[in-house]
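# Per-entry structural report
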Amino acid sequence: MNGQWFAILGIAAIAALLFRRHVGFVTRVHAHSMWPTLRPGQFLFARAVHGRQIRRGDIAVVQSAELGRTIVKRVVGLPGDRLRLDARGLVRNGVQVAEPYVSRAGGRSGAWQVPEGHCVLLGDNRAASSDSRSWRQPFAPLDSIVGRINRGTH
C-alpha cells in the first residue's frame, strides 16, 4: 500500500512540473513597480512562455539572475530595438510609443540598443520602479522569461 501512495505522489509531482513548464503557474507581485496595473501582494496566473514567444507590451514573469528572485515587469524593447526614455515618454525605433498603462512617469532616463537574445523591462509605475534603467545589466535574457500575465495593454 505504501508503494502505491509513493507512485501516486510521484505521478502527481511530475504532472505538476509539466503543468508549470508547459501551461502556467501562479506568481505573486512583490513590489509597487507595476501599480496600478498590478498590486503588491496580488496573486496572478502566468501562462508559461519561452522568451521567443514574448511581445512588446507583455507583462513578463522573469527569473532575474542579477536580483536573485522572480520579478514582474513590462517588456518595452526586443532584440534590435533602439529605445529612448525621457520626460516625454518612450521612443522605440524613432516612434513615440503610447503607454496608457504608465501610472507615474519619472525615474531615470535612458537610451538602449537591445542586443540579440535580450529585452528591456520597465515598470508601469516608472517613478518607483527598479528596472532596466537601474540594473547593472539592463538587458534581460529572453530565456529568463518564464511566464506572461494576460493583463494590461499591448
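See the structure above.
Below you will find a few notes about this structure. (Residues numbered from 1 in each chain as written. Predicted model: local features only at pLDDT ≥ 70, side-chain atom pairs only at ≥ 80, totals over all residues. Heavy atoms only, no water.)

Reading across from one edge, 7-6-5-8 is the order of the 4 strands in this open sheet, with antiparallel pairing throughout. The open sheet is flanked by strand 7 (95–96) and strand 8 (110–113), the only strands paired with a single partner. As paired strands, strand 5 (residues 82–86) and strand 8 are joined by 4 bridges and run antiparallel to one another. The partner of leucine 83 across the bridge, within strand 8, is tryptophan 112. (Pairing = 2+ DSSP bridges. Helix = DSSP H or I, 4+ residues; strand = E, 2+ residues; numbered from the N terminus.)

Attention now goes to the pattern of salt bridges. All told, the structure shown has 9 salt bridges when counted by the stated rule. Arginine 56 serves as the salt-bridge partner of aspartate 81, at 2.8 Å between the closest nitrogen and oxygen. Placement of aspartate 81 in the loop between strand 4 (69–77) and strand 5 and of arginine 56 in the loop between strand 2 (43–48) and strand 3 (59–64) is noted, with a sequence separation of 25 residues between them. Residue classification places aspartate 81 among the buried positions, given a relative accessible area of 2%. Among the salt bridges present, the one from aspartate 86 reaches arginine 88, with a minimum N-O distance of 3.0 Å. Using a relative accessible area of 23% as the deciding quantity, one classes aspartate 86 as partly exposed. (Salt bridge = Lys/Arg side-chain N within 4 Å of Asp/Glu carboxyl O. Buried < 20%, exposed > 50% of the residue type's maximum accessible area, 1.4 Å probe, protein only.)

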